[in-house]
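Working through the structure, step by step
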Amino acid sequence: MATIDLFQLREHFNESRILLCFNGPISRSLIEEIGNALKNYLQADNAQPSAAMDVFSVYVELTQNIRHYALAHDYDELQGSATVVVARDEDGRYLVQAGNMVEHADGEALLARISALARMDKAELKAAYKAQLRQPRAEDAITGAGLGLIDVARKSARPLRASLSRIGARHAFFSLCATI
Amino acid sequence: MNDLDIPASQSTPYVSTRWEAGLVSMTGDSYPENSFEFFRDVIAWIEAYLAQGDMPLRLELRLVYMNTSSVKAMMDIFDLLEAAHAKGRPVRVDWFYDPRNERVVDLADEFREDCSFPFEIAPDGR
(Lines give C-alpha, C1' and ligand atoms only; values in the text may rest on other atoms or scores of the structure.)
Protein backbone atom coordinates (compact mmCIF):
# COMPACT_ATOMS: atom_id res chain seq x y z
CA MET A 1 0.00 0.00 0.00
CA ALA A 2 1.33 3.41 -0.92
CA THR A 3 1.78 5.80 1.97
CA ILE A 4 -0.23 8.98 1.85
CA ASP A 5 1.88 11.96 0.89
CA LEU A 6 1.17 14.19 3.90
CA PHE A 7 3.29 17.00 2.52
CA GLN A 8 1.24 17.10 -0.67
CA LEU A 9 -1.96 16.97 1.36
CA ARG A 10 -0.71 19.84 3.53
CA GLU A 11 0.22 21.89 0.45
CA HIS A 12 -3.27 21.33 -0.90
CA PHE A 13 -4.84 22.44 2.40
CA ASN A 14 -2.67 25.53 2.47
CA GLU A 15 -3.32 26.47 -1.15
CA SER A 16 -7.05 26.08 -0.60
CA ARG A 17 -6.79 28.12 2.66
CA ILE A 18 -8.50 25.32 4.60
CA LEU A 19 -8.81 26.18 8.31
CA LEU A 20 -10.42 22.97 9.36
CA CYS A 21 -11.54 19.77 7.74
CA PHE A 22 -13.07 16.52 8.85
CA ASN A 23 -14.02 13.31 7.09
CA GLY A 24 -15.57 10.35 8.83
CA PRO A 25 -18.33 9.09 11.13
CA ILE A 26 -19.74 11.94 13.18
CA SER A 27 -21.34 11.85 16.64
CA ARG A 28 -23.15 14.37 18.80
CA SER A 29 -20.05 14.92 20.94
CA LEU A 30 -17.77 15.14 17.91
CA ILE A 31 -19.94 17.93 16.47
CA GLU A 32 -19.48 19.79 19.76
CA GLU A 33 -15.72 19.16 19.93
CA ILE A 34 -15.04 20.18 16.33
CA GLY A 35 -17.34 23.17 16.89
CA ASN A 36 -15.18 24.16 19.84
CA ALA A 37 -12.03 23.88 17.76
CA LEU A 38 -13.72 25.92 15.03
CA LYS A 39 -14.59 28.69 17.53
CA ASN A 40 -10.95 28.80 18.66
CA TYR A 41 -9.59 28.87 15.10
CA LEU A 42 -11.95 31.70 14.19
CA GLN A 43 -10.85 33.68 17.23
CA ALA A 44 -7.19 33.08 16.34
CA ASP A 45 -8.01 34.11 12.76
CA ASN A 46 -9.35 37.44 14.14
CA ALA A 47 -12.81 36.86 12.70
CA GLN A 48 -15.46 39.46 13.58
CA PRO A 49 -17.66 38.10 16.41
CA SER A 50 -20.72 38.22 14.13
CA ALA A 51 -18.92 36.39 11.29
CA ALA A 52 -17.55 33.82 13.74
CA MET A 53 -21.06 33.19 15.04
CA ASP A 54 -22.46 32.83 11.51
CA VAL A 55 -19.75 30.34 10.54
CA PHE A 56 -20.35 28.36 13.73
CA SER A 57 -24.09 28.47 13.18
CA VAL A 58 -23.87 27.20 9.57
CA TYR A 59 -21.47 24.46 10.70
CA VAL A 60 -23.90 23.31 13.43
CA GLU A 61 -26.98 23.33 11.18
CA LEU A 62 -25.26 21.42 8.37
CA THR A 63 -23.63 18.79 10.58
CA GLN A 64 -26.77 18.26 12.68
CA ASN A 65 -28.76 17.89 9.44
CA ILE A 66 -26.32 15.15 8.38
CA ARG A 67 -26.73 13.40 11.76
CA HIS A 68 -30.53 13.58 11.65
CA TYR A 69 -30.58 12.31 8.07
CA ALA A 70 -28.30 9.36 8.85
CA LEU A 71 -30.38 8.46 11.95
CA ALA A 72 -33.67 8.75 10.07
CA HIS A 73 -32.36 6.38 7.37
CA ASP A 74 -30.76 3.88 9.74
CA TYR A 75 -27.40 4.43 8.11
CA ASP A 76 -24.43 2.76 9.78
CA GLU A 77 -21.51 4.87 10.99
CA LEU A 78 -19.68 4.79 7.68
CA GLN A 79 -22.75 5.54 5.56
CA GLY A 80 -23.54 8.44 7.88
CA SER A 81 -20.05 9.90 7.53
CA ALA A 82 -19.75 13.63 7.11
CA THR A 83 -17.20 15.56 5.10
CA VAL A 84 -16.78 19.08 6.45
CA VAL A 85 -14.45 21.85 5.28
CA VAL A 86 -14.12 25.41 6.55
CA ALA A 87 -11.88 27.56 4.36
CA ARG A 88 -11.31 31.16 3.28
CA ASP A 89 -11.82 32.26 -0.31
CA GLU A 90 -9.75 34.79 -2.31
CA ASP A 91 -11.81 37.67 -0.90
CA GLY A 92 -11.22 36.59 2.70
CA ARG A 93 -14.75 35.30 3.14
CA TYR A 94 -15.35 32.06 5.00
CA LEU A 95 -16.61 29.04 3.08
CA VAL A 96 -18.44 26.38 5.06
CA GLN A 97 -18.90 23.18 3.09
CA ALA A 98 -20.49 19.97 4.25
CA GLY A 99 -21.40 16.79 2.44
CA ASN A 100 -22.82 13.35 3.10
CA MET A 101 -24.26 10.32 1.39
CA VAL A 102 -27.99 10.48 0.65
CA GLU A 103 -30.61 8.47 -1.24
CA HIS A 104 -30.37 9.68 -4.82
CA ALA A 105 -34.00 10.83 -4.96
CA ASP A 106 -33.53 12.86 -1.75
CA GLY A 107 -30.42 14.42 -3.26
CA GLU A 108 -32.40 15.56 -6.31
CA ALA A 109 -35.09 17.05 -4.05
CA LEU A 110 -32.41 18.84 -2.01
CA LEU A 111 -30.84 20.31 -5.16
CA ALA A 112 -34.25 21.67 -6.20
CA ARG A 113 -34.79 23.12 -2.71
CA ILE A 114 -31.34 24.77 -2.68
CA SER A 115 -31.84 26.33 -6.10
CA ALA A 116 -35.24 27.69 -4.96
CA LEU A 117 -33.56 29.20 -1.87
CA ALA A 118 -30.70 30.57 -3.99
CA ARG A 119 -33.18 32.56 -6.07
CA MET A 120 -34.72 34.30 -3.03
CA ASP A 121 -33.55 37.68 -1.75
CA LYS A 122 -33.04 38.42 1.96
CA ALA A 123 -36.64 39.57 2.51
CA GLU A 124 -38.07 36.47 0.81
CA LEU A 125 -35.78 34.22 2.83
CA LYS A 126 -36.91 35.89 6.06
CA ALA A 127 -40.58 35.40 5.08
CA ALA A 128 -39.88 31.72 4.25
CA TYR A 129 -38.10 31.30 7.59
CA LYS A 130 -40.98 32.80 9.56
CA ALA A 131 -43.54 30.72 7.64
CA GLN A 132 -41.54 27.55 8.34
CA LEU A 133 -41.23 28.50 12.02
CA ARG A 134 -45.04 28.59 12.17
CA GLN A 135 -45.50 25.16 10.56
CA PRO A 136 -46.98 22.71 13.06
CA ARG A 137 -44.50 20.06 14.07
CA ALA A 138 -45.08 16.32 13.81
CA GLU A 139 -45.42 14.70 17.25
CA ASP A 140 -42.24 12.67 16.92
CA ALA A 141 -40.17 15.29 15.11
CA ILE A 142 -36.97 16.25 16.88
CA THR A 143 -35.39 18.51 14.31
CA GLY A 144 -35.96 22.13 13.40
CA ALA A 145 -38.31 20.78 10.74
CA GLY A 146 -36.77 22.32 7.64
CA LEU A 147 -35.71 25.58 9.25
CA GLY A 148 -32.01 24.71 9.06
CA LEU A 149 -31.46 25.12 5.32
CA ILE A 150 -33.39 28.40 5.22
CA ASP A 151 -31.31 29.66 8.14
CA VAL A 152 -28.09 28.68 6.35
CA ALA A 153 -29.30 30.45 3.17
CA ARG A 154 -30.07 33.57 5.21
CA LYS A 155 -26.58 33.65 6.70
CA SER A 156 -24.83 33.05 3.38
CA ALA A 157 -23.53 36.23 1.72
CA ARG A 158 -23.73 34.52 -1.68
CA PRO A 159 -26.38 32.12 -3.00
CA LEU A 160 -25.88 28.58 -1.68
CA ARG A 161 -24.12 26.18 -4.03
CA ALA A 162 -24.91 22.48 -4.03
CA SER A 163 -23.84 19.46 -6.03
CA LEU A 164 -24.71 15.79 -6.28
CA SER A 165 -22.33 12.98 -7.29
CA ARG A 166 -23.70 9.50 -7.90
CA ILE A 167 -22.54 6.60 -5.73
CA GLY A 168 -23.86 3.34 -7.21
CA ALA A 169 -27.49 2.89 -8.22
CA ARG A 170 -29.31 4.22 -5.16
CA HIS A 171 -27.04 6.69 -3.45
CA ALA A 172 -25.30 9.98 -4.12
CA PHE A 173 -22.95 12.34 -2.32
CA PHE A 174 -24.68 15.64 -1.58
CA SER A 175 -22.49 18.66 -0.97
CA LEU A 176 -23.47 22.17 0.08
CA CYS A 177 -21.42 25.35 0.34
CA ALA A 178 -22.30 28.57 2.18
CA THR A 179 -20.26 31.79 2.09
CA ILE A 180 -19.95 33.98 5.18
CA MET B 1 -44.31 22.00 40.91
CA ASN B 2 -40.58 21.59 41.54
CA ASP B 3 -38.27 24.33 40.41
CA LEU B 4 -35.69 23.50 37.75
CA ASP B 5 -31.96 24.02 38.15
CA ILE B 6 -30.25 22.61 35.07
CA PRO B 7 -26.50 23.29 34.82
CA ALA B 8 -25.13 24.41 31.47
CA SER B 9 -23.40 21.94 29.15
CA GLN B 10 -21.38 22.52 25.99
CA SER B 11 -24.55 22.65 23.89
CA THR B 12 -27.28 23.51 26.40
CA PRO B 13 -27.89 26.65 28.49
CA TYR B 14 -28.13 27.03 32.25
CA VAL B 15 -31.82 26.97 33.15
CA SER B 16 -33.40 27.90 36.45
CA THR B 17 -36.99 28.51 37.49
CA ARG B 18 -38.25 30.24 40.65
CA TRP B 19 -41.95 29.59 41.25
CA GLU B 20 -42.22 32.02 44.21
CA ALA B 21 -40.59 34.83 42.22
CA GLY B 22 -42.31 34.00 38.90
CA LEU B 23 -38.93 33.93 37.20
CA VAL B 24 -37.34 31.75 34.51
CA SER B 25 -33.66 32.32 33.65
CA MET B 26 -31.69 30.85 30.75
CA THR B 27 -28.04 31.61 30.07
CA GLY B 28 -25.59 30.38 27.41
CA ASP B 29 -25.60 28.60 24.06
CA SER B 30 -28.39 26.29 22.98
CA TYR B 31 -27.75 23.80 20.19
CA PRO B 32 -28.65 20.32 21.44
CA GLU B 33 -29.43 17.73 18.77
CA ASN B 34 -32.82 17.15 20.31
CA SER B 35 -34.03 20.56 21.44
CA PHE B 36 -37.58 19.47 22.18
CA GLU B 37 -36.39 16.90 24.66
CA PHE B 38 -34.22 19.52 26.32
CA PHE B 39 -36.93 22.21 26.50
CA ARG B 40 -39.78 19.83 27.43
CA ASP B 41 -39.38 20.36 31.19
CA VAL B 42 -39.09 24.14 30.85
CA ILE B 43 -42.23 24.24 28.71
CA ALA B 44 -44.09 22.01 31.21
CA TRP B 45 -43.02 24.27 34.10
CA ILE B 46 -44.19 27.43 32.31
CA GLU B 47 -47.50 25.78 31.35
CA ALA B 48 -48.09 24.73 34.97
CA TYR B 49 -47.14 28.17 36.30
CA LEU B 50 -49.44 29.99 33.88
CA ALA B 51 -52.30 27.55 34.51
CA GLN B 52 -52.67 28.71 38.13
CA GLY B 53 -53.13 32.03 39.94
CA ASP B 54 -52.51 35.44 38.48
CA MET B 55 -48.89 36.09 39.50
CA PRO B 56 -46.65 37.70 36.86
CA LEU B 57 -44.06 35.70 34.93
CA ARG B 58 -40.72 37.08 33.77
CA LEU B 59 -38.16 35.40 31.52
CA GLU B 60 -34.60 36.63 32.00
CA LEU B 61 -32.58 35.45 29.02
CA ARG B 62 -28.86 35.62 28.32
CA LEU B 63 -28.94 33.21 25.41
CA VAL B 64 -26.18 33.68 22.86
CA TYR B 65 -26.26 31.13 20.04
CA MET B 66 -29.33 29.02 19.28
CA ASN B 67 -29.68 26.36 16.58
CA THR B 68 -32.90 26.35 14.58
CA SER B 69 -34.54 23.58 16.60
CA SER B 70 -33.90 25.60 19.79
CA VAL B 71 -35.42 28.62 18.06
CA LYS B 72 -38.52 26.57 17.29
CA ALA B 73 -38.78 25.37 20.91
CA MET B 74 -38.33 28.95 22.16
CA MET B 75 -41.13 30.07 19.84
CA ASP B 76 -43.38 27.53 21.57
CA ILE B 77 -42.47 29.15 24.91
CA PHE B 78 -43.20 32.66 23.62
CA ASP B 79 -46.54 31.40 22.24
CA LEU B 80 -47.48 30.32 25.79
CA LEU B 81 -46.61 33.80 27.06
CA GLU B 82 -48.55 35.41 24.23
CA ALA B 83 -51.66 33.38 25.07
CA ALA B 84 -51.36 34.30 28.78
CA HIS B 85 -50.84 37.96 27.88
CA ALA B 86 -54.02 37.89 25.76
CA LYS B 87 -55.91 36.77 28.88
CA GLY B 88 -54.51 39.69 30.87
CA ARG B 89 -51.72 37.87 32.72
CA PRO B 90 -48.65 40.07 33.29
CA VAL B 91 -45.75 38.43 31.41
CA ARG B 92 -42.50 39.86 30.12
CA VAL B 93 -39.16 38.94 28.58
CA ASP B 94 -35.83 40.64 29.31
CA TRP B 95 -33.12 39.51 26.91
CA PHE B 96 -29.62 40.71 27.81
CA TYR B 97 -26.73 40.57 25.33
CA ASP B 98 -23.01 41.18 25.18
CA PRO B 99 -22.65 44.46 23.21
CA ARG B 100 -19.70 42.98 21.28
CA ASN B 101 -21.97 40.47 19.57
CA GLU B 102 -24.70 42.11 17.49
CA ARG B 103 -26.02 38.76 16.20
CA VAL B 104 -27.76 38.20 19.54
CA VAL B 105 -29.78 41.38 18.98
CA ASP B 106 -30.85 40.11 15.53
CA LEU B 107 -31.91 36.80 17.07
CA ALA B 108 -33.87 38.38 19.94
CA ASP B 109 -35.40 41.01 17.68
CA GLU B 110 -36.89 38.42 15.32
CA PHE B 111 -38.63 36.80 18.26
CA ARG B 112 -39.87 40.15 19.52
CA GLU B 113 -41.50 40.89 16.12
CA ASP B 114 -44.00 38.11 16.81
CA CYS B 115 -44.77 39.04 20.44
CA SER B 116 -47.11 41.75 21.74
CA PHE B 117 -46.21 41.45 25.45
CA PRO B 118 -43.39 43.59 26.95
CA PHE B 119 -40.09 42.34 25.47
CA GLU B 120 -36.90 44.24 26.28
CA ILE B 121 -33.55 43.67 24.56
CA ALA B 122 -30.75 45.38 26.47
CA PRO B 123 -26.94 45.33 26.70
CA ASP B 124 -25.82 43.33 29.70
CA GLY B 125 -24.62 45.65 32.42
CA ARG B 126 -23.77 43.10 35.04
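As shown above, the structure is provided for reference.
The present account deals with the structure reproduced in this document. (Residues numbered from 1 in each chain as written. Chains lettered and ligands numbered in written order. Predicted model: local features only at pLDDT ≥ 70, side-chain atom pairs only at ≥ 80, totals over all residues. Heavy atoms only, no water.)

1. Observations regarding a nonpolar patch on the surface
Together, A:Ile4, A:Leu6 and A:Leu9 line one region of the surface with nonpolar side chains, adding up to about 320 Å² of accessible area. Its place among the elements puts A:Leu6 in helix H1 (residues 6-15). (Patch = residues over 30% accessible without salt bridge, like charges linked within 9 Å, V, L, I, M, F, W, Y side chains within 5 Å. Areas by Shrake-Rupley, 256 points an atom, 1.4 Å probe, with all protein chains shown as cover. Salt bridge = Lys/Arg side-chain N within 4 Å of Asp/Glu carboxyl O. Helix = DSSP H or I, 4+ residues; strand = E, 2+ residues; numbered from the N terminus.)

2. Topic: the interface of chain B and chain A
Listed as interface residues are 27 residues of chain B and, on the opposing side, 33 residues of chain A. Summed over both partners, the interface of chain B with chain A buries about 2700 Å², with 48% contributed by carbon and sulfur atoms. Ranking the residues of chain B by area buried against chain A places B:Glu33, B:Thr68 and B:Lys72 at the top, with a combined share of 30%. On the surface where chain B and chain A come into contact, there are eight salt bridges. Here A:Lys130 ties to B:Glu113 by a salt bridge, and the two come within 2.8 Å at their closest N and O atoms. Where chain B touches chain A, the interface holds 17 residue pairs in polar contact (both at pLDDT 80 or more). Sorting the residues of the side of chain B that touches chain A by element identifies helix H1 (35-51), strand S4 (57-66), helix H2 (68-86) and helix H3 (103-112) of chain B as the ones contributing at least two each. Among the elements that line the side of chain B that touches chain A, the one with the most residues is H2(B), at seven residues. (Contact = heavy atoms within 4.5 Å. Buried area = accessible area lost by both parts, 1.4 Å probe. Polar contact = N/O pair within 3.5 Å; in protein donor to acceptor, adjacent residues only side chain to side chain.)

3. Observations regarding the side chain of B:Ser30
Residue and element names in this part refer to chain B. On the secondary structure map, serine 30 appears in strand S3 (residues 23-30). Judged by its relative accessible area of 0%, serine 30 falls in the buried class. A distance of 2.8 Å separates the side chain of serine 30 from the side chain of serine 70, its partner in a polar contact. Apart from residues lying up to four places away in sequence, serine 30 is in contact with Ser11, Pro13, Phe39, Tyr65, Met66, Asn67 and Ser70. (Buried < 20%, exposed > 50% of the residue type's maximum accessible area, 1.4 Å probe, protein only.)

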